[in-house]
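Remarks on the overall topology
For reference, the chains in residue letters:
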Amino acid sequence: VRVEYESEIAADRLPDADLVVAGDGVNSALRERHADHFGTEISHGRNHYIWVGTTKVFDSFTFSFVETDHGWIWCYAYRFSDDRSTLVIECSPRTWAGLGLGHASEADGLALLEKLFADLLDGHGLIGRAQPDGAAQWLTFRTLTNRTWHRGNLVLLGDAAHTTHYSIGAGTTLALEDAISLAGALREHPDLDTALTYYGQKRRSELLSVQSAARHSAQWYESLPRYIGLPPAQMFALLGQRHSPLLPYVPPQLYYRIDRAAGRLEALRRFKRWLGPKVARGVQARAGR
Ligand SMILES: Cc1cc2nc3c(=O)[nH]c(=O)nc-3n(C[C@H](O)[C@H](O)[C@H](O)COP(=O)(O)OP(=O)(O)OC[C@H]3O[C@@H](n4cnc5c(N)ncnc54)[C@H](O)[C@@H]3O)c2cc1C
């Protein structure tokens, strides 16, 4: 394999190859060029988020919820190197507008966030990445799906093919699992079209439960007022259950009591398992962090 860095691939000038794997992320130019063929659908989450860095080194995965005059804003943070951590900061559109985060320059926005999360940051600053016009990179999460994942010898993989809300922390694993599955399909099926069809069908079906978990997890944060007033132990227990399809329909305290009882009684545990969520084991472990 010859790896090339800092080299842009033009979607209309692909090299002559047996197979072209488009792992070019959620904005995939290779996919966009044939969006109709792929049947791309994108839905936007309601909340605003920004992804920033800090020199504060967290020793464990950390959540922080802060109440402002305009509603709640929260973040989760984790270390990614010996001297840096990353934070995803999120809030509702009402809080975002009320705090003026939509109009603030990146520098002013980061200064405000540093003030709001001062206890968490311990005097450390936030590190952003402004847009060319100096605005901050506030986004809403895009959940992307594609009806089919290949066109001729071009095949999608990772975020180019599908995204799952960041709060389940699974996107990188899923992209690698796509690659493993694609390699397996190519080994098993000598005919390229058969292999790529098999790969797409298999992965789309394997992803259903994770996509459902991600949708419910995103909705949990969008429904924060439903949970934030609970005693902290209950609130965090339900945070760990945020991918459950049942939780939105059961009063939170009742759900909490059922969940506790299910931990003790085997019959109830089986009942709860039957109700869902039906999430792959590895993802559940990460989602529960
Ligand atoms: C806020 C947030 C937090 C997240 N947290 C987690 C987490 O904790 N754990 C986790 O597993 N996942 C997380 N994810 C998801 C994860 O980032 C993605 O699922 C994962 O990066 C997808 O990998 P990928 O290789 O498919 O795409 P990408 O990581 O987007 O890589 C695509 C690459 O292609 C390059 N590229 C694009 N176009 C071209 C071109 N024309 N020519 C050359 N190169 C090009 C890009 O520069 C990029 O390097 C998070 C996502 C977000 C938004």
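Sequence order as written defines the numbering, with residues in each chain counted from 1. With the structure being a predicted model, the display of local features is reserved for residues of pLDDT at least 70 and the display and counting of side-chain atom pairs for 80 or more, all residues being used for whole-chain, interface and lining totals. Only hydrogens and water are removed before side-chain values are computed, so all heavy atoms of the structure are retained for them.

**Topic: the layout of surface pockets**
- Buriedness of a pocket was judged along seven lines, with at least five required to meet protein on both sides within 12 Å; pockets are open sets of points on a 1 Å grid over the protein atoms alone, cavities are sets where a 1.4 Å probe fits but cannot get out, and lining residues have an atom within 4 Å of a point. Grid points are joined across faces, edges and corners, and a volume is the space filled by probe spheres set on the points. By volume, the largest pocket is sized at about 1,000 Å³.
- At the level of elements, strand 3 (48-54), strand 5 (71-79), strand 6 (85-91) and helix 6 (171-188) are the ones that each hand at least two residues to the lining of the largest pocket. Secondary structure elements follow DSSP: runs of H or I of four or more residues count as helices, runs of E of two or more count as strands, with numbering from the N terminus.

**Structural notes on the pattern of salt bridges**
- Here a salt bridge means any side-chain nitrogen of Lys or Arg lying within 4 Å of a carboxyl oxygen belonging to Asp or Glu. Scanning all chains against the criterion turns up eight salt bridges.
- R203 is the partner of D178 in a salt bridge, and the nearest nitrogen-oxygen pair spans 2.6 Å. Residue D178 is located in helix 6, and its partner R203 is located in helix 7 (residues 192-222); the two are separated by 25 residues in the primary sequence. In terms of burial, D178 and R203 fall into one category: buried.
- Each of E177, D178, K202, R203 and E206 takes part in salt bridges that share partners, so that together they form one network. Note on exposure labels: buried denotes an accessible area under 20% of the residue type's maximum, exposed denotes more than 50%, and partly exposed covers the range between, all computed with a 1.4 Å probe on protein chains only.

**A closer look at the sheet that holds strand 10 (residues 154-156)**
- In this description, strands pair whenever DSSP reports at least two bridges between them. Spatially, the three strands line up as an open sheet ordered 1-10-9, and their pairing is mixed. Of all strands in the sheet, those with a lone pairing partner are strand 1 (20-22) and strand 9 (150-151), marking the two edges.
- Direction of pairing for strand 1 relative to strand 10: parallel, over a ladder of three bridges. Of the residues in strand 10, the one forming a bridge with V20 is L154.

**Some remarks on the sheet that holds strand 4 (residues 62-68)**
- Ordered in space as 4-5-6-3-7, the five strands form an open sheet in which the pairing is antiparallel. One side of each edge strand has no neighbouring strand; the edge strands of this open sheet are strand 4 and strand 7 (126-127).
- In terms of strand pairing, strand 4 meets strand 5 through seven bridges, oriented antiparallel. Paired with T68 across the bridge in strand 5 is G71.

**Let's talk about the domain arrangement of the protein**
- Split into domains, the protein comes out as domain 1 (20-41 + 143-218), domain 2 (48-127) and domain 3 (223-287).
- We call two residues in contact whenever any of their non-hydrogen atoms come within 4.5 Å of each other. Domain 2 puts four residues into the contact, and the matching count from domain 3 is five residues.
- The quantity reported as buried area is the accessible area (1.4 Å probe) lost by two parts once they are put together, taken as the sum for both. For the domain 2 and domain 3 pair, buried surface summed over both sides reaches about 450 Å², with 95% attributable to carbon and sulfur atoms.
- Area buried by domain 2 at its contact with domain 3 is led by F63, F65 and W72, which between them contribute 90% of it. Where each domain begins and ends is defined by an automated method or by a domain database.

**Some thoughts on the packing of helix 6 against helix 7**
- Only the contacting stretch of a helix is used when fitting its axis, a line to C-alpha atoms as for every element, and angles between N-to-C directions run 0 to 180 degrees. Contact geometry for helix 6 and helix 7: axes closest at 9 Å, N-to-C directions at 145 degrees. Seen from above, helix 6 lies across helix 7 with right-handed handedness. Contact residues: helix 6 offers L174, E177, D178, S181, L182, A185, L186 and E188, while helix 7 offers L192, A195, L196, Y198, Y199, K202, R203, L207 and V210.
- All residues other than Ala, Val, Leu, Ile, Met, Phe, Trp, Tyr, Cys, Pro, Asp, Glu, Lys and Arg, Gly among them, are scored as polar; the first ten of these are nonpolar and the last four charged. Looking at the contact of helix 6 with helix 7, its residues break down into 11 nonpolar, one polar and five charged. Definitions for this section: a left-handed crossing has its near helix turned counterclockwise from the far helix by less than a right angle. A right-handed crossing has that turn clockwise.

**Section: the site of the ligand**
- If even one non-hydrogen atom of a residue comes within 4 Å of a molecule or strand, that residue is called near it. Near the ligand there are 18 residues, and of these I9, Y78, D159, G171 and T172 occur at the shortest range.
- In the analysis that follows, any N or O atom pair within 3.5 Å is treated as a polar contact, provided that within protein one partner can donate a hydrogen and the other can accept it, and provided that, for residues neighboring in sequence, both atoms belong to side chains. Contact between the ligand and I9: a nitrogen atom at 2.9 Å from a main-chain N or O atom of the residue.
- G171 is positioned with one of its backbone polar atoms (N or O) 3.4 Å from an oxygen atom of the ligand.
- Contact with the protein chains hides 64% of the accessible area of the ligand, taken as 990 Å² for the molecule alone. Only the protein chains shown count as covering a residue, and every accessible area follows the Shrake-Rupley method with a 1.4 Å probe.

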